[in-house]
Amino acid sequence: MWCFRRVGICLVLRKGRRVIVTTLLSAILAAGESIPHKCDGKAQCGSCHIFIQEGRKTLPRIQKLENEKLDTLVGVSSKSRLACQTLMGEEPVTIELLSFV
Ligand code: FES
């Protein structure tokens, strides 16, 4: 098996396709969902703003770059994260893709 835990989490998709995801953005995209990510994960645009509805305490803490960008966004709450900056945790999380971004 080519998936290593240190790199990310291995998702096995339909038809046996495997992808390694490291951030929530990569997991969302791998799942076939649409989410804006205008700056390609550089924490510059804020377009990947999501709400973590369940399990947010199991995720790695917000880092300075993410926190600084979140401070500039409208509609931020305690559930807010940038999908591109949020590394996968070890527990399942429930996220809400926002429609106002
Ligand atoms: S993709 Fe731009 S901040 Fe996440």
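Remember, predicted model here, so these are calculated numbers, not experimental data.

(A) How the structure looks around the sheet that holds strand 4 (residues 80-82). Pairing within the open sheet is antiparallel, and its three strands lie in the order 4-3-5. Of all strands in the sheet, those with a lone pairing partner are strand 4 and strand 5 (94-97), marking the two edges. On average, each strand axis in the sheet is inclined to that of its neighbour by 45°, with strand direction left out of account. Looking at chain direction, strand 3 (residues 49-54) and strand 5 are connected through four bridges and run antiparallel. When the sheet's bridge partners are listed, phenylalanine 51 is paired in strand 5 with glutamate 96.

Rules used throughout
Residues numbered from 1 in each chain as written. Predicted model: local features only at pLDDT ≥ 70, side-chain atom pairs only at ≥ 80, totals over all residues. Pairing = 2+ DSSP bridges. Helix = DSSP H or I, 4+ residues; strand = E, 2+ residues; numbered from the N terminus. Axes fitted to C-alpha atoms, helices over the stretch in contact; angles between N-to-C directions.

In short, the description is geometric, and any link to function would need to be established separately.
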